[in-house]
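# Residue-level structure breakdown
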Amino acid sequence: MRISNRRLLIEAGVATAMVLVAVAVAVPAPRLGWGHLRPHPVWLVVMALAARYGARGLVASVPVAWGGLALLAVPWRAVPTRALAELAMPAELGALAAAIVVSWIASVHERRADDLEEQQLLLVGRANHEAVALAELRRAALSLRARNDRLDLALTFLRDVARRLDGGDVAAASEAALALVAARLGARAGAALALAPDGAPVVIATNGAWDAAAAPGVSDATVAEALRSGQPVRGVDLPGAGPGDSDLAAPIIVGRETVGVLTVRGVARVGAAALRDLAVVAEWLAGAFARARARRLSEKGDRPSGSAIHV
């Protein structure tokens, strides 16, 4: 136990006073038992403080206990010589040796307690660190679980899109293609158009906030350029494109014929990567147009007279 030297001296003085008062009351020996009581009861003070505080208690209590006894029992001028002579007695030396052993044992226990306290602090620090690490691992696990859920949802979405795109229903395939484009590009709206027999684009599917009354036709500069060139087009690259025209448009080509167009609006980033993604989806959608054409040919039993796909 770690206390201040002042408190230690105060405890030694109080304990010595209590022992001397008890000796004066209980033992009718002169001079508080000096020279009669061996070993003297003041060794109880030394033993108690040595057991409680180890070597510090021993060093502090011996001068206080024996100094107080000597000052009260013998003339002041003879205190040093009389005290040393009394302590040289075999009984007092035995008590001193016992006090030394007690203080040594107490010091060993004190050092062990200090070591245990230091280990406890280390363990507490390690536990706190591991608690923080555990919280981080828990957050990481929750993040991975959420990512897995999103991945599972994405796989379910892609499976549904692939199933509809690989079918023979052009309208369902177009809706799936638009859903994929909206998820990939973040487009606000989109539309899939097919060329009618007269060459006019006809809307077969829309997605998002698409204005059906203002459906893109030849008046949409982006759509018109995609149909004319047979290449994916960005509205920002066309001098005549305005705010009412589509941001991106990609032709739907079956064989060497342009049979429709896939167009989107409200795309935040209209870079080359977005245009390439739209072209890939349009190429995938072209397979549904080709299968629809093949099915109609098998039903009619002859080749079509025109190049347009009728929806």
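Source: prediction; values computed, not measured. (Residues numbered from 1 in each chain as written. Predicted model: local features only at pLDDT ≥ 70, side-chain atom pairs only at ≥ 80, totals over all residues. Heavy atoms only, no water.)

### Digging into the overall build of the protein
Filter applied, for reference: Numbered from the N terminus, helices here are DSSP runs of H or I no shorter than four residues, and strands are runs of E no shorter than two. When a residue's accessible area, from a 1.4 Å probe over protein chains only, is under 20% of the maximum for its type it is buried; when over 50% it is exposed; and in between it is partly exposed. Throughout, a contact is declared for two residues whenever any of their heavy atoms are within 4.5 Å.
The number of helices and strands found in the protein is eight helices and five strands. Seen in sequence order, the protein has helices and strands lined up from the N terminus as α-α-α-α-α-α-β-β-α-β-β-β-α. Across the 311 residues that make up the protein, the buried fraction comes to 35%. Excluding contacts between residues fewer than 6 apart, the proportion of contacts in the protein whose partners are at least 24 apart in sequence is 59%.

### Side note on helix 8 (residues 272–300)
Short version of the rule: By this rule the span expected of a helix is its residue count minus one, scaled by 1.5 Å.
A rise of 1.5 Å per residue sets the reference length of helix 8, with its 29 residues, at 42 Å; its end C-alpha atoms lie 41 Å apart and thus fit the reference within 8%. Taken together, the buried positions of helix 8 are A274, L275, L278, V281, A282, L285, A286, A288, F289, A292 and R293.

### Remarks on the packing of helix 1 (residues 5–26) against helix 3 (residues 55–73)
For clarity, the cut-off: Axis definition: a line fitted to C-alpha atoms, over the contacting stretch in the case of helices. Angles run 0 to 180 degrees between N-to-C directions. Relative orientations are named as follows: roughly parallel for angles under 35 degrees, roughly antiparallel for angles over 145 degrees, roughly perpendicular for angles from 65 to 115 degrees, and oblique for any other angle. By definition, any crossing whose near helix is turned counterclockwise from its far helix by less than a right angle is left-handed, and any crossing with a clockwise turn is right-handed. Lys, Arg, Asp and Glu make up the charged group, whereas Ala, Val, Leu, Ile, Met, Phe, Trp, Tyr, Cys and Pro make up the nonpolar group; the residues left over, Gly among them, are polar.
At a closest axis distance of 9 Å, the pairing of helix 1 and helix 3 adopts a crossing angle of 40 degrees. One way to sum up the angle between helix 1 and helix 3 is to call them oblique. In this structure, the crossing between helix 1 and helix 3 has a hand that is right-handed. Across the interface between the two elements, N5, L8, L9, A12, G13, T16 and L20 from helix 1 touch R56, G57, A60, S61, V64, A65, G68, L69 and L72 from helix 3. Class assignment of the residues belonging to the contact of helix 1 with helix 3 gives a composition of nine nonpolar, six polar and one charged.

### A look at the sheet that holds strand 3 (residues 233–234)
Quick note on the threshold: Strand pairing is assigned whenever DSSP detects at least two bridges linking the two strands.
The antiparallel open sheet is built from five strands, whose spatial order is 2-1-5-4-3. Edge positions in the sheet fall to strand 2 (201–208) and strand 3, since each of these pairs with one other strand and no more. Helix 6 (residues 170–185) rests against strand 1 (189–195), strand 2, strand 4 (248–254) and strand 5 (257–265) of the sheet, and its axis sits at about 45 degrees to strand 2. Docked against the sheet, helix 8 engages strand 1, strand 2, strand 3, strand 4 and strand 5, running at close to 30 degrees with respect to strand 4.

### Quick look at the environment of H109
On the secondary structure map, H109 appears in helix 5 (residues 90–165). Spatially, the C-alpha atom of H109 lies 9.9 Å from that of A51, the residues being 58 residues apart in sequence.

### With respect to a negative patch on the surface
Heads up, the condition is: Without a salt bridge and with relative accessible area above 30%, a residue can belong to a patch; like charges are then joined within 9 Å and nonpolar side chains (Val, Leu, Ile, Met, Phe, Trp, Tyr) within 5 Å. The accessible surface values rely on the Shrake-Rupley method and a 1.4 Å probe; as for residues, cover is taken only from the protein chains in view. Criterion for a salt bridge: a side-chain nitrogen of Lys or Arg within 4 Å of a carboxyl oxygen of Asp or Glu. This count recognises Lys and Arg as positive and Asp and Glu as negative, with His and chain-terminal groups excluded. Where a charge lies is defined by one atom per residue type: Lys uses NZ, Arg uses CZ, Asp uses CG and Glu uses CD.
Together, D114, D115, E117 and E118 give the surface a local cluster of negative charge. As for its position among the elements, D114 is in helix 5.

### Some points on the nonpolar core
Test applied: Nonpolar cores are built from buried Ala, Val, Leu, Ile, Met, Phe, Trp, Tyr and Cys residues. Side-chain atoms within 4.5 Å join them into one set.
L248, L262, L278, L285 and F289 are the most contacted members of the largest nonpolar core, which totals 33 residues. Broken down by element, this core gets its largest block of residues, 10 residues, from helix 8. The next biggest cluster of nonpolar side chains, apart from the first, holds 28 residues, and it includes L20, V42, W43 and A95.

### Looking at a nonpolar patch on the surface
A cluster of nonpolar side chains, I10, V14 and M18, forms an exposed patch at the surface whose accessible area comes to about 310 Å². Residue position: I10 is located in helix 1. The class for I10 is partly exposed, based on a relative accessible area of 49%.

### Topic: the pattern of salt bridges
Counted under the stated rule, the structure contains nine salt bridges. Note that D160 and R164 form a salt bridge whose closest N and O atoms lie 3.3 Å from each other. Pair noted here: D160 and R164 are both in helix 5, with a separation of four residues, about one helical turn. For D160, a relative accessible area of 28% translates into the label partly exposed. Overall, the relative accessible area of 22% leaves R164 in the partly exposed class. Linking E225 and R228 is a salt bridge whose minimum nitrogen-to-oxygen distance equals 2.5 Å. One end of the pair is E225 and the other is R228, both in helix 7 (residues 221–229) and three residues apart, which spans about a single turn. A single network of salt bridges, built from pairs that share partners, joins D160, R163 and R164.

The analysis is restricted to geometry; functional conclusions fall outside its scope.
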